[in-house]
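Fold and geometry: a report
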Amino acid sequence: MFMRFFDGMRSAGIPVSLREYLTFLEALDRNLVIHDPEGFYYLARVTMVKNEKFLDRFDRVFSHVFKGLFDDTDDGNGPVPVEIPEEWLRKLAEKHLTPEERAEIEALGGFEKLMETLAERLAEQEGRHQGGNKWIGTAGTSPFGAYGYNPEGVRIGQKESRHRRAVKVWDKREFRNLDDSVEIGTRNIKVALRRLRRWARDGAADELDLKATIRHTAEQGWLDVITRPERRNAVKVLLFFDVGGSMDPHVRVVEELFSAARTEFSQLEYFYFHNCLYEGVWKDNRRRWNEQIPTEEIMRTYGGDYRVIMVGDASMSPYEIAYPGGANEHWNPESGETWLRRLRDTWPASIWINPLPENSWGWTQSIDMISRIFEGRMYPLTLTGLESGIKELAR
């Protein structure tokens, strides 16, 4: 019965295994969900989706397979029917309709009459209809269809709810921003950065140790409150941001990365550079020329246990990397490559994040040069790219 659902998830790139599918069927066989569409949705999701980045794809597949009385799939003999038990629709109606709306349904003759009328009109109607108050279509006041209004309506094939009064709603998508195929945002970046966590207990004992409190209280015979140091993320991170010039179009996404990193890492330091790393970096772009910090001082100050993330498009003249005096804004006594290799020697756990699409990297010689210096540890500024880079840093 649910093979189309299983095949749809596999086609969408959701790595659901046959074992997980059989677990889902076993749960249904044991009546864990009975005529409850919302429960059915959550059961399917929890048994067959193991990574939150696939939740949005799951919602889309679920909506496609169960979105209405007919699916868009054509087997050569017309649309393929989708069997949705009437009890599911009744349960959903009971959950989402107010008493006043139920009273209005009675004017039509009750839910059974509603479904009977739906079946009759499906049989009568031969094509798409828009507007009006009888046919199944869009933008009208018929009880059936999409984008219209009727208090006892059944919504079919609509991607969103306008009046939030439809009895059947399969198309709600709550996880769009977790999908690694959509535009990256602060929420996505936080999800990726959280993989670079190493918990340690430090500081004053200011967190209640519930288990120890219960154990000591039982042993002593009186309330014995036990505290312990709070767990903190012990990972130390250095961020170096390329600013100005060709990086200007990427300001928004880099700001999102910076915002997410400041939230996720308590031990975070950041610095700015332009195009390539040279003998000086800075903390304030308005004072980049008169308040530079020597790069050597940064290397002496922060130990080798720091993780380093360089962020830039790596797009510049090859001379800026390869030769002394190649920088486009000042005379650099040593080449950019020299400083990048020193950075790699100081902090072996270092990566380069590039906001340019990965399929365009081959057109720029400087990108290839920096990627070689970082031994291939250059990743695109996408959710998938960040996950790969953070995985590398976590080793």
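Described below are features of the structure shown in this document. (Residues numbered from 1 in each chain as written. Predicted model: local features only at pLDDT ≥ 70, side-chain atom pairs only at ≥ 80, totals over all residues. Heavy atoms only, no water.)

**Describing empty space enclosed by the protein**
Where empty space is left becomes clear once a probe the size of a water molecule has been rolled over the atoms. The test is simple: For cavity detection a 1 Å grid was placed over the protein atoms alone, and a set of points counts as a cavity when a 1.4 Å probe fits there but cannot get out; an open set counts as a pocket when protein lies on both sides within 12 Å along at least five of seven lines, with lining residues being those that have an atom within 4 Å of a point. Grid points are joined across faces, edges and corners, and a volume is the space filled by probe spheres set on the points. Amino acid classes used here: Ala, Val, Leu, Ile, Met, Phe, Trp, Tyr, Cys and Pro are nonpolar; Asp, Glu, Lys and Arg are charged; the rest, including Gly, are polar.
Using the criterion set out here, one finds 4 cavities of 30 Å³ or more in the structure. Of the pockets and cavities examined, the second largest cavity occupies roughly 120 Å³. The residue makeup of the lining of the second largest cavity, split by class, is 6 nonpolar, 5 polar and 3 charged.

**Some words on the side chain of S366**
Under the convention used in this document: Counting from the N terminus, the helices are the DSSP runs of H or I reaching at least four residues and the strands are the DSSP runs of E reaching at least two. Polar contact criterion, stated in full: a pair of N or O atoms within 3.5 Å, where within protein one must be able to donate a hydrogen and the other to accept it, and residues adjacent in sequence count only if both atoms are side-chain atoms. We call two residues in contact when some of their heavy atoms are within 4.5 Å.
Of note, S366 is situated in helix α14 (residues 365–373). Within the structure, the side chain of S366 is placed 3.1 Å from the backbone nitrogen of M316, a separation counted as a polar contact. When near neighbours in sequence (up to four residues on either side) are disregarded, S366 contacts A314, S315, M316 and I321.

**Let's talk about the nonpolar core**
Test applied: Put simply, a nonpolar core is a bunch of buried Ala, Val, Leu, Ile, Met, Phe, Trp, Tyr and Cys residues held in one set by side-chain atoms that sit within 4.5 Å of each other. Accessibility here uses a 1.4 Å probe with only protein chains present; expressed as a share of the type maximum, an area under 20% marks a residue as buried, one over 50% as exposed, and anything in between as partly exposed.
Of all hydrophobic cores here, the largest spans 32 residues; its most connected members are F240, M310, L340, L343, W347, W352 and I370. With 4 residues, the top contributor of residues to this core is α14. Residues contacting I370, with those up to four places away along its chain left out, are A314, M316, I321, L340, W352 and M378. L196, V237, V243 and Y379 belong to the second largest nonpolar core, which has 31 residues in total.

**Here we look at the pattern of salt bridges**
Two side chains that carry opposite charge are able to pair once their charged atoms sit near each other. Heads up, the rule is: We define a salt bridge as a contact between a side-chain nitrogen of Lys or Arg and a carboxyl oxygen of Asp or Glu at a distance within 4 Å.
Using the criterion set out here, one finds 14 salt bridges in the structure. The closest approach of N and O atoms between D284 and R286, which form a salt bridge, is 3.3 Å. When its relative accessible area of 76% is taken as the criterion, R286 is described as exposed. We note a salt bridge from E392 to R377, for which the minimum N-O separation is 3.2 Å. Residue E392 is found in helix α15 (residues 383–393), and its partner R377 is found in the loop between α14 and β15 (378–380); the two are separated by 15 residues along the sequence. For E392, a relative accessible area of 16% translates into the label buried. Bridged by salt links that share partners, the residues R377, E392 and R395 form one connected network.

**Focus: the sheet that holds strand β10 (residues 267–273)**
Think of a sheet as strands paired side by side through backbone hydrogen bonds, with each pair either parallel or antiparallel. As a reminder of what qualifies: A pair of strands is labelled paired if DSSP reports no fewer than 2 bridges between them. To get an axis, a line is fitted to the C-alpha atoms, and for a helix only the part in contact is used. The angle between two axes follows their N-to-C directions and goes from 0 to 180 degrees.
Pairing in this open sheet of 5 strands is parallel, and the strands run β10-β9-β13-β14-β15 from one edge to the other. Single-partner strands in this sheet number two, and they are β10 and β15. This sheet shows a mean twist of 25° between the axes of neighbouring strands, independent of strand direction. In this structure, strand β9 (residues 236–242) lies alongside strand β13 (residues 307–311), joined through 5 bridges in parallel fashion.

**Here we look at the pairing of strand β14 (residues 350–354)**
The condition that has to hold: The path from the first strand over the helix to the second decides the hand: if it runs clockwise while the strands point away from the viewer, the crossover is right-handed.
Of all the 5 residues making up β14, 5 are buried; the element is thus mostly covered by neighbouring parts of the structure. Alternating positions in β14 separate into two faces, S350, W352 and N354 on one and I351 and I353 on the other, with burial throughout. For β14 and β15, the ladder comprises 3 bridges, and the chain directions are parallel. Across the sheet, the residue bridging to N354 is P380, located in β15. For the segment spanning β14, α14 and β15, crossover handedness is right-handed.

**Looking at the environment of G325**
Among the structural elements, G325 can be located in the loop between α12 (318–322) and α13 (336–346). According to the relative accessible area criterion, G325 is partly exposed, its value standing at 26%. Put simply, G325 and S335 are 10 residues apart on the chain and 7.3 Å apart in space, counted from C-alpha to C-alpha. Beyond its immediate sequence surroundings of up to four residues, G325 is in contact with W331 and N332.

**Side note on the packing of helix α1 (residues 3–11) against helix α4 (residues 55–66)**
Counted only if it meets this: Crossing handedness: left-handed means the near helix sits turned counterclockwise from the far one by under a right angle, and right-handed means the same turn made clockwise.
At a closest axis distance of 10 Å, the pairing of α1 and α4 adopts a crossing angle of 145°. Between α1 and α4 lies a crossing of right-handed hand. On α4, the residues touching R4, F5, G8 and M9 of α1 are F58, V61, F62, V65 and F66. Within the contact of α1 with α4, the residues separate by chemical class into 7 nonpolar, 1 polar and 1 charged.

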